[in-house]
Amino acid sequence: PSYRADMLVELGMVQGALDEQDAALAALVEAADLADGLDDHVLRMMILNNMAEQELRMGQRVAAATHQRDAMRLSLELGVPLLTGFALVLAARMAQPAGDDAAAVRLHAAADAMLEACRFELTSDDRALSDAVLAAARARLGPAAEAHAEAGRRLTPLAAAAEAEAVFDVVIGRDTPVLH
């Protein structure tokens, strides 16, 4: 079952890259079901992260926020900073369209610092999505954007995760937005 779940994740990623969104999500849901039966927290974390990315690309913001929040919590518990960085990227991509440009810039700067420490670079399609969000945020923030980016680079992983958690909660509808 673990090997099958791994292959389903790979299949989902390929299908997503080929713009076969529904098939990609179906493969990831099946993989998540298998991971639940295995009680494999690392596999579950990775699947939830991939599901969230796919769901956000499909416009399923509440599901994406729910799954990414759960993946982020696991990444913090398991000590996997790469996956925490991925969660911050998605939180930034959710914050900006919701009107919290400052949080988007801070969270992405924190994510970039974490990903750099892990020696990881976003794929070109991910970078393009992030660049569009950051350009919109920076355009609205003006010169203040750099101060928010610097503040984001100084966030501890736990502080950045707390800010991301607040973004996820807003998207899920569990709180009202706090504008910075």
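Residues numbered from 1 in each chain as written. Predicted model: local features only at pLDDT ≥ 70, side-chain atom pairs only at ≥ 80, totals over all residues. Heavy atoms only, no water.

Novice: Give a description of the packing of aromatic side chains that names residues and reports values.
Specialist: Throughout the structure, instances matching the rule amount to one aromatic pair. Ring geometry for phenylalanine 86 and phenylalanine 120: centres 5.1 Å apart, planes at 65°, overall edge-to-face. Residue phenylalanine 86 is located in helix α5 (residues 81-95), and its partner phenylalanine 120 is located in the loop between α6 (101-117) and α7 (124-141); the two are separated by 34 residues in the primary sequence. Classification of phenylalanine 86 by relative accessible area gives buried; the value is 17%. (Phe/Tyr/Trp six-rings, centres within 6.5 Å; stacked < 30°, edge-to-face > 60°. Helix = DSSP H or I, 4+ residues; strand = E, 2+ residues; numbered from the N terminus. Buried < 20%, exposed > 50% of the residue type's maximum accessible area, 1.4 Å probe, protein only.)

Novice: Describe the nonpolar core, listing the residues and the values that go with them.
Specialist: The biggest cluster of nonpolar side chains holds 33 residues, and the ones touching the most others in it are Leu88, Met94, Leu107, Ala164 and Phe168. Looking at this core, the elements with two or more residues in it are α3 (41-57), α4 (61-78), α5, α6 and α9 (157-172). Of all the elements, α5 adds the most residues to this core, at ten residues. With near-sequence residues (within four places) excluded, alanine 164 lies in contact with Met72, Leu88, Ala91 and Leu107. In this structure, Val9, Ala27, Ala31 and Met51 belong to the second largest nonpolar core, which totals eleven residues. (Core = buried A, V, L, I, M, F, W, Y, C linked by side-chain atoms within 4.5 Å. Contact = heavy atoms within 4.5 Å.)

Novice: Could you give an account of the pattern of salt bridges, with specific residues and numbers?
Specialist: Oppositely charged side chains may form a pair once their charged atoms are brought near each other. Per the stated rule, a full pass over the model turns up 18 salt bridges. One salt bridge in this structure joins arginine 140 and aspartate 101, with 2.7 Å as the shortest N-O distance. Here aspartate 101 lies in helix α6 and arginine 140 lies in helix α7, a separation of 39 residues in the sequence. Take arginine 140: its relative accessible area is 52%, and that puts it in the exposed class. Judged by relative accessible area, which is 7%, aspartate 101 ranks as buried. Residue glutamate 150 is joined to arginine 154 by a salt bridge in which the shortest nitrogen-to-oxygen separation is 3.6 Å. With glutamate 150 and arginine 154 both in helix α8 (residues 144-154) and four residues apart, the pair spans about one turn of that helix. (Salt bridge = Lys/Arg side-chain N within 4 Å of Asp/Glu carboxyl O.)

Novice: An account of unusual backbone geometry is requested, with residue identities and associated values reported.
Specialist: Located in the positive-phi region is aspartate 19, a residue other than glycine, with phi close to 65°. Relative to the assigned elements, aspartate 19 resides in the loop between α1 (2-17) and α2 (21-38). Judged by its relative accessible area of 59%, aspartate 19 is exposed. Non-glycine residue aspartate 39 carries a positive phi angle of around 55°. In this structure, aspartate 39 sits in the loop between α2 and α3.

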